[in-house]
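Residue strings, one per chain:
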2 protein chains.
Amino acid sequence: MSGLNVSPEIERLISLLAKLPGLGPRSARRAALDLLKKPDALMRPLSLALGEAAERISTCRICGNVDSRNPCHICTAPGRDKSIICVVQDVADLWAMERASAFKGQYHILGGTLSALDGIRPEDLNIAALIERASDPDLKEVILAMNATVDGQTTAHYITDHLSGTGVSVSRLAHGVPVGGELDYLDDGTISTAMKSRRPF
Amino acid sequence: MSGLNVSPEIERLISLLAKLPGLGPRSARRAALDLLKKPDALMRPLSLALGEAAERISTCRICGNVDSRNPCHICTAPGRDKSIICVVQDVADLWAMERASAFKGQYHILGGTLSALDGIRPEDLNIAALIERASDPDLKEVILAMNATVDGQTTAHYITDHLSGTGVSVSRLAHGVPVGGELDYLDDGTISTAMKSRRPF
Ligand SMILES: [Zn+2]
Ligand SMILES: [Zn+2]
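How each quantity is defined
Residues numbered from 1 in each chain as written. Chains lettered and ligands numbered in written order. Predicted model: local features only at pLDDT ≥ 70, side-chain atom pairs only at ≥ 80, totals over all residues. Heavy atoms only, no water. Donors = N, O, S within 2.8 Å, 3.2 Å for Na, K, Ca; no water. Tetrahedral: all angles 85-135°; square planar, octahedral: opposite > 155°, others 65-115°. Buried < 20%, exposed > 50% of the residue type's maximum accessible area, 1.4 Å probe, protein only. Contact = heavy atoms within 4.5 Å. Buried area = accessible area lost by both parts, 1.4 Å probe. Salt bridge = Lys/Arg side-chain N within 4 Å of Asp/Glu carboxyl O. Polar contact = N/O pair within 3.5 Å; in protein donor to acceptor, adjacent residues only side chain to side chain. Helix = DSSP H or I, 4+ residues; strand = E, 2+ residues; numbered from the N terminus. Nonpolar A, V, L, I, M, F, W, Y, C, P; charged D, E, K, R; others polar. Pairing = 2+ DSSP bridges. Axes fitted to C-alpha atoms, helices over the stretch in contact; angles between N-to-C directions. pLDDT = per-residue confidence, 0-100. Right-handed = clockwise from strand over helix to strand, strands pointing away. Patch = residues over 30% accessible without salt bridge, like charges linked within 9 Å, V, L, I, M, F, W, Y side chains within 5 Å. Areas by Shrake-Rupley, 256 points an atom, 1.4 Å probe, with all protein chains shown as cover.

Draft legend 1. Quick peek at the coordination of the zinc ion (ligand 1). Residues and elements named next belong to chain A. Within the first shell, the zinc ion (ligand 1) binds the protein through C60 (SG), C63 (SG), C72 (SG) and C75 (SG), at distances of 2.3 to 2.4 Å. For the zinc ion (ligand 1), the four donor atoms are set out with angles of 104 to 118 degrees between them, so the coordination reads as tetrahedral. For the zinc ion (ligand 1), the single-chain donor residues occur in sequence as C-x2-C-x8-C-x2-C. You'll find C60 and C63 in the same group, each marked buried.

Draft legend 2. Broad picture of the interface of chain A and chain B. Listed as interface residues are 51 residues of chain A and, on the opposing side, 50 residues of chain B. The largest contributions to the chain A side of the interface with chain B come from N5, L50 and W95 of chain A, which together make up 14% of the buried area. A salt bridge links D90 of chain A to K37 of chain B; its shortest N-O distance comes to 2.8 Å. Across the contact surface, chain A and chain B share 12 residue pairs in polar contact (both at pLDDT 80 or more). Elements represented by at least two residues in the side of chain A that touches chain B include exactly helix 1 (8-17), helix 2 (25-37), helix 3 (39-56), strand 2 (66-67), helix 4 (73-76) and helix 5 (91-100) of chain A. With 13 residues, helix 3 of chain A is the single largest residue contributor to the side of chain A that touches chain B. Tallied by class, residues from the side of chain A that touches chain B come to 29 nonpolar, six polar and 16 charged.

Draft legend 3. Broad picture of the sheet that holds strand 3 (residues 84-88) of chain B. Residue and element names in this part refer to chain B. Strand order across the open sheet formed by four strands is 4-3-5-6, with parallel pairing between neighbours. The outermost strands of the open sheet, each flanked by one partner alone, are strand 4 (106-109) and strand 6 (169-172). Across the sheet, the mean angle separating the axes of adjacent strands is 25 degrees when strand polarity is ignored. Sheet strands touched by helix 5 (residues 91-100): strand 3 and strand 4. Its angle to strand 4, the strand with the most contacts, is close to 155 degrees. Relative to the sheet, helix 7 (residues 150-163) contacts strand 3, strand 5 (141-144) and strand 6, its axis offset from that of strand 5 by approximately 165 degrees.

Draft legend 4. Quick peek at the coordination of the zinc ion (ligand 2). All names here are of chain B. Protein coordination at the zinc ion (ligand 2): the donors are C60 (SG), C63 (SG), C72 (SG) and C75 (SG), at 2.3 to 2.4 Å from the metal. Between consecutive donors of the zinc ion (ligand 2), the numbers of intervening residues give the motif C-x2-C-x8-C-x2-C. Here C60, found in the loop between strand 1 (58-59) and strand 2 (66-67), pairs with C75, found in helix 4 (residues 73-76); they are 15 residues apart in sequence, far enough to count as distant. For C60, a relative accessible area of 4% puts it in the buried group.

Draft legend 5. Summary view of the confidence of the model for chain A. On average, residues of chain A score 90 in pLDDT, and 96% of them are at 70 or above. Scored as a whole, the predicted complex attains pTM 0.83, and scored at its interfaces, ipTM 0.84.

Draft legend 6. The pairing of strand 6 (residues 169-172) of chain A, seen in detail. Residues and elements named next belong to chain A. Judged from the four bridges that link them, strand 5 (residues 141-144) and strand 6 form a sheet pairing that is parallel. Of the residues in strand 6, the one forming a bridge with L144 is R172. On the question of chirality, the crossover connecting strand 5 to the parallel strand 6 by way of helix 7 (residues 150-163) is right-handed.

Draft legend 7. Highlighting a nonpolar patch on the surface. Taken together, the side chains of V177, L183 and I191 of chain B make up a nonpolar region of the molecular surface, amounting to roughly 230 Å² of accessible area. If you trace the backbone, I191 of chain B turns up in helix 8 (residues 188-196).

Draft legend 8. Highlighting the side chain of D34 of chain A. Tracing the sequence through the fold places D34 of chain A in helix 2. Using a relative accessible area of 17% as the deciding quantity, one classes D34 of chain A as buried. At 3.1 Å, the side chain of D34 of chain A and the side chain of K38 of chain A are in polar contact. Setting aside chain neighbours within four positions, we find D34 of chain A in contact with L42 of chain A together with K19 and P21 of chain B.

Here it is as structure tokens:
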């Protein structure tokens with residue numbers, strides 16, 4: 001915006017909305033206008049929801065999930081299998097797995113993948129905590145559910161190497177996940193099938 | 001989301017974000033996660049910006065613009081021409097005109113167009129206030145800058161009819177080839193209008 005004839009409150013709102021993934025400058029302006037037209041139905045509720053989330057949500061110290069409890073709902077759920085951990089890149093992938101209802105064990109969120117190009121090293125990811133969790137004698141299996149990308153598979157190999165000798169069996173999601181595909185884009189059936197057909201790594 | 005293993009604060013944030021134009025359920029989840037990863041850099045500032053906008057921004061009682069002043073910055077700017085009003089459908093169109101720096105008069109925002117299909121009648125739009133503004137003896141011209149759609153042009157005709165007899169001259173934006181536009185991509189109507197309205201070079 002030019003800044004000349006738009007109030008600074010609106011300018012600031014637009015520039016913050018434009019930082020959200022999926023919203024460019026034009027859609028940020030439209031979103032801001034829509035919010036301004038619905039102060040009570042949308043703008044104030046969203047302000048409150050953001051404020052509450054900022055206050056209450058933290059990163060689970062066990063698995064890396066985001067939740068209002070710490071440890072999170074999944075780590076503390078009595079009905080979930082403690083002998084199996086599904087390792088995912090991101091919380092969005094955990095959500096995708098949960099939507100597919102394909103898995104009733106524990107999770108571990110890496111926070112990304114190793115990447116020579118982007119300079120992401122093992123110590124930049126939540127990997128050390130995973131190796132430590134693997135020393136729990138109750139743990140039997142680790143499922144590597146990274147994206148089927150080069151970086152995802154490099155990360156899977158790295159983790160497999162570091163879990164060898166722990167006595168934990170390591171598996172990966174079945175092929176059926178398209179090469180280059182990202183979990184968060186897949187339909188529930190594909191995720192579910194890939195989970196059932198998982199293979200030793 | 002299933003609701004089973006996502007905290008209610010996050011569920012609520014996602015469902016509110018999904019109401020923004022341009023964000024579907026998937027992009028709302030990604031936006032929520034991005035916000036959760038940046039509580040201090042993005043989530044709290046956006047919460048505050050929304051709260052401040054909700055408190056301070058109102059609809060200008062003269063022109064229908066949204067602003068922290070009422071009447072708005074544009075209606076009260078001493079340097080702007082009071083003898084000419086540009087009528088637009090939406091605040092987004094006012095912003096587009098201001099970005100183009102093509103106009104230094106006053107605005108009037110209709111809040112939409114007449115539409116038989118959507119049941120939008122004259123009394124649903126900010127038209128009566130425009131007719132009243134036209135009785136100001138200082139007003140010389142009204143520019144109708146509605147979209148070049150059927151509903152936009154129906155609305156322009158309706159307003160023209162109701163301004164006849166006020167002594168105010170009524171104009172509309174020129175139709176033609178957009179700057180940078182390629183003929184091959186334009187519809188026949190635009191090309192033939194541009195041809196009929198051709199100007200000496
Ligand atoms: Zn957890
Ligand atoms: Zn105004």
